[in-house]
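# Close look at the chain arrangement
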Amino acid sequence: PKDISEAESQTDIQIANAMSTARMQGKIPGFMERMIAQLQPIQDWREILNRFLTQTCAKDYTFSRPNKRYIGSGVILPTLYSKTYGKFILAVDTSGSISEKECSKMVSEVLSILSTLLEDKSDIELTVIYWDSAVQRVEVLTDPSDRPKPKGGGGTNPNVVFEYIKNHSIDAEAVIFLTDGYIESIHVETPPYNVLWGLICQNDIFNVPFGETFR
């Protein structure tokens with residue numbers, strides 16, 4: 001039974017890899033893609049995002065910013081603050097593989113998590129970079145109701161995001177990529193900030209030298 005189980009797992013991996021190759025060549029029928037897609041586990045991206053941002057926003061209490069809720073009653077209590085809060089960047093692949101609806105859901109979820117983590121809601125700021133073979137648009141969102149305005153349609157080169165952050169001296173705390181994973185190879189050094197890669201489709205040839213990946 002153990003050998004059979006291992007053989008089935010290997011077969012699933014081989015089928016998935018073959019499908020990824022066929023997709024890139026445009027040789028896979030739609031019905032077959034839907035059938036084989038069941039071989040790949042889909043992760044709860046909301047849960048992963050929440051854990052990622054919670055770990056990045058290391059929090060602590062401080063008396064230097066008294067809790068305003070209790071000052072009127074003469075009680076001095078500390079407030080919860082983020083020691084490491086910096087810029088969060090959502091880098092959205094707009095090469096044609098991600099719909100505006102998917103983009104809006106992802107952006108809104110990140111903003112919602114940030115609003116929960118940070119007591120001072122005025123601190124919320126999410127920089128969204130839309131990229132394909134170049135950085136096409138950059139916008140800063142501060143409220144979950146903000147509507148993203150994606151732009152793109154070209155190739156898929158994530159290196160331009162890292163180069164943009166470096167060239168503009170952006171003090172990033174974390175960068176979250178949303179992509180199909182069919183990208184040019186990464187040729188930049190490991191950045192000083194956390195990186196999370198979110199794949200929106202089945203892709204078993206995706207390989208990056210750093211960061212965490214979820215499907």
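Right, let's walk through the structure included here. (Residues numbered from 1 in each chain as written. Predicted model: local features only at pLDDT ≥ 70, side-chain atom pairs only at ≥ 80, totals over all residues. Heavy atoms only, no water.)

Turning to the packing of aromatic side chains, a few remarks are in order. Counted by the stated rule, this structure contains 7 aromatic pairs. Relative to Trp197, the ring of Phe177 lies with its centre 4.2 Å away and its plane at 15°, an arrangement referred to as stacked. Residue Phe177 is located in strand β6 (residues 172–179), and its partner Trp197 is located in strand β7 (residues 194–199); the two are separated by 20 residues in the primary sequence. Each member of the pair, Phe177 as well as Trp197, is classed as buried. Ring geometry for Trp197 versus Phe210: centroids 6.5 Å apart, planes at 45°, classification tilted. Of this pair, Trp197 sits in strand β7 while Phe210 is found in the loop between β7 and β8 (212–214), placing the two residues 13 residues apart along the sequence. Ring pairing ties together the aromatic residues Trp131, Phe162, Phe177, Trp197, Phe206 and Phe210, which thus form one cluster. (Phe/Tyr/Trp six-rings, centres within 6.5 Å; stacked < 30°, edge-to-face > 60°. Helix = DSSP H or I, 4+ residues; strand = E, 2+ residues; numbered from the N terminus. Buried < 20%, exposed > 50% of the residue type's maximum accessible area, 1.4 Å probe, protein only.)

Three or more residues of helix α6 (residues 159–167) are buried, namely Asn159, Val160, Val161, Phe162, Tyr164 and Ile165. Buried residues in α6 make contact with β3 (87–93), β4 (126–131), β5 (135–141), β6 and β7. The first or second residue beyond α6 is Ser169, which carries a positive phi of 50°. (Contact = heavy atoms within 4.5 Å.)

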